[in-house]
Amino acid sequence: MLVTRCVQNLTAYTPGEQPKAKDVVKLNTNENPYPPSPKCAEALTSFDLDRLRRYPDPEFTELRKSIAKMVRAKAENIFIGNGSDEVLALCAKAFVENDEAIGSLDPSYSLYKTLAAIRDVEWRGFGDLGEVEGAAAAKLALFLLTNPNAPTGVLKPRAEVAAFAKRFKGVVVVDEAYADFARENCMALATGEKNRNVIVMRTFSKSFSLAGLRVGYCVGPKALIDALYKVKDSYNVDAIAQATALAAVKDAKWMRGNVKKVVATRKRFVAELKKRGWDVMPSEANFVFARPAHAKAADVFERLRGRHIYVRYFSGPKTADRLRVTIGTDEQMAKLLAALDEFDK
């Protein structure tokens, strides 16, 4: 057998569609509708090509220092990955034995289940954190908690996450890809001196408008961070990505301005959907998860796609009645709403 059994049986993660046409309203992959800081462009245009002859810094020295300052942590408590997805994959390698299991909420980021399958370990999905107790928690070595959750956008309060981490025996990774759009976050849990098992993960893909760069990072106790360094590729984040991410961190004010615009648009868009009778889950992210009022979600998805308006549809039993809609510009959201109004005529 040339391919392992677990890979043969694997259901691969399905990324959001990336349409090639330019005249589309793309609201399906939670990208930021606004450009990254101009400082990123300056970093790219001034990048010394001679640096490409050499391997990049394997310890991300300058980027770690800047992130440490931003999140009020020590550089030794920070790990940088080739996107936060690599960080997740490395956590599955470093913290889970072959006879142990990975847990997450369900529904949540579908990559979690795929990572468990790649490791050939059990994945367990839970409706709420309170269910992760007793026999259900046995052999769970790693719990992946997107907060705010995806695809729902719902935020777990920091106190609830802290209480869960305290009673959980394994490693808790709080995946905060959307935290900058939320009213609170869990970074203090990762930077606390008494923390033994919490890692908080962030990405440059959402709030920093750098999804095409593929840089993510996590913060946690040194023992866990050191373990990630042991299992990572030698040079996992290239020199151009490190330089561009560093420029973005140094201009975090630009990011916060973009976040403010997205949150304001989210509030207006939710109000408009509710006027039309849609059921909208309370979102603290840069997207909403909503059930159409007068048609099946799958039908609305296809009709929007026919108009080059792309949203995300998940066909699972817990998600098939809703659509996940990324918050774009006010103009993009207006086009979507206009299309919905035409469908209802």
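The preceding data block contains the structure.
Residues numbered from 1 in each chain as written. Predicted model: local features only at pLDDT ≥ 70, side-chain atom pairs only at ≥ 80, totals over all residues. Heavy atoms only, no water.

Undergrad: Could you give me a rundown of the overall build of the chain, with the residues and numbers involved?
TA: Per the secondary structure count, the chain includes 12 helices and 13 strands. Relative to the 2.2 N^0.38 estimate, which gives 20 Å for 345 residues, the radius of gyration of the chain is 20 Å and therefore close to what a compact globule would have. With the principal axes as the frame, the chain shows a C-alpha extent of 60 × 55 × 50 Å. Taken across its 345 residues, the chain has 52% of its residues classed as buried. A separation threshold of at least 6 residues defines the contact pool for the chain, and within that pool the share at least 24 residues apart is 72%. As displayed, the chain has an accessible area near 16,900 Å², and 52% of this comes from carbon and sulfur atoms. In the chain, 54 positive and 42 negative side-chain charges are present, and the distance between their average locations comes to 3 Å. (Helix = DSSP H or I, 4+ residues; strand = E, 2+ residues; numbered from the N terminus. Rg over C-alpha atoms; globule rule 2.2 N^0.38 Å. Buried < 20%, exposed > 50% of the residue type's maximum accessible area, 1.4 Å probe, protein only. Contact = heavy atoms within 4.5 Å. Areas by Shrake-Rupley, 256 points an atom, 1.4 Å probe, with all protein chains shown as cover. Lys, Arg positive; Asp, Glu negative; His and termini not counted. Charge placed at Lys NZ, Arg CZ, Asp CG, Glu CD.)

Undergrad: Let's hear about helix α6 (residues 158–167): which residues, and what values?
TA: Those residues of α6 not exposed but buried are V161, F164 and A165. Mapping the buried residues of α6 onto a view down its axis gives an arc of 100 degrees, with all of them on the same face. Turned more than 90 degrees away from the buried face of α6 sit A159 and K166, all of them exposed. Against the buried residues of α6 lie β5 (140–146), β6 (171–175), α7 (187–191) and β7 (198–203). (Arc of directions from axis to C-beta.)

Undergrad: How would you summarise the sheet that holds strand β8 (residues 216–219) if you had to cite specific residues and measurements?
TA: An order of β2-β8-β7-β6-β5-β3-β4 is seen for the 7 strands of this open sheet, with the pairing classed as mixed. The open sheet has two edge strands, β2 (78–81) and β4 (122–126), and neither has a second partner. The sheet shows a mean angle of 20 degrees between the axes of neighbouring strands, direction not considered. Bridge count between strand β3 (residues 101–105) and β4: 5 bridges; the pairing is parallel. Paired with A101 across the two strands is E122, which belongs to β4. Helix α3 (residues 61–71) rests against β2 and β8 of the sheet, and its axis sits at about 120 degrees to β2. (Pairing = 2+ DSSP bridges. Axes fitted to C-alpha atoms, helices over the stretch in contact; angles between N-to-C directions.)

Undergrad: So what about the packing of aromatic side chains? Which residues, and what values?
TA: The geometry of two aromatic rings is summed up by the distance between their centres and the angle between their planes. Counting across every chain of the model gives 14 aromatic pairs. Judged by centre distance (5.0 Å) and plane angle (80 degrees), the rings of Y178 and F287 are edge-to-face. On the criterion of sequence distance, the pair formed by Y178 in the loop between β6 and α7 and F287 in strand β10 (residues 287–291) is long-range, its members being 109 residues apart. Its relative accessible area of 0% is what places F287 among the buried residues. Sitting above the plane of the F287 ring, R324 keeps its charged end 5.7 Å from the centroid. (Phe/Tyr/Trp six-rings, centres within 6.5 Å; stacked < 30°, edge-to-face > 60°. Lys NZ or Arg CZ within 6 Å of the ring centre and 35° of its normal.)

Undergrad: Could you give an account of the sheet that holds strand β12 (residues 312–313), with specific residues and numbers?
TA: Ordered by their spatial adjacency, 4 strands build an open sheet running β9-β10-β13-β12, and the pairing between neighbours is antiparallel. Where the open sheet ends on each side, the last strands, each with one partner, are β9 (279–280) and β12. Against the sheet, helix α10 (residues 252–275) contacts β9, β10 and β13 (323–326), and its axis sits at roughly 5 degrees relative to β10.

Undergrad: Tell me about empty space enclosed by the protein, and name the residues and values.
TA: What the rule picks out here adds up to 1 cavity of 30 Å³ or more. Of the pockets and cavities examined, the largest cavity occupies roughly 30 Å³. In terms of lining, the largest cavity is formed by P36, S37, F208, A248, D251, W254 and M255. The class makeup of the residues in the lining of the largest cavity is 5 nonpolar, 1 polar and 1 charged. (1 Å grid on protein atoms, 1.4 Å probe; cavity = no way out; pocket = protein on both sides within 12 Å on 5 of 7 lines; lining within 4 Å. Points joined across faces, edges and corners; volume = space filled by probe spheres on them. Nonpolar A, V, L, I, M, F, W, Y, C, P; charged D, E, K, R; others polar.)

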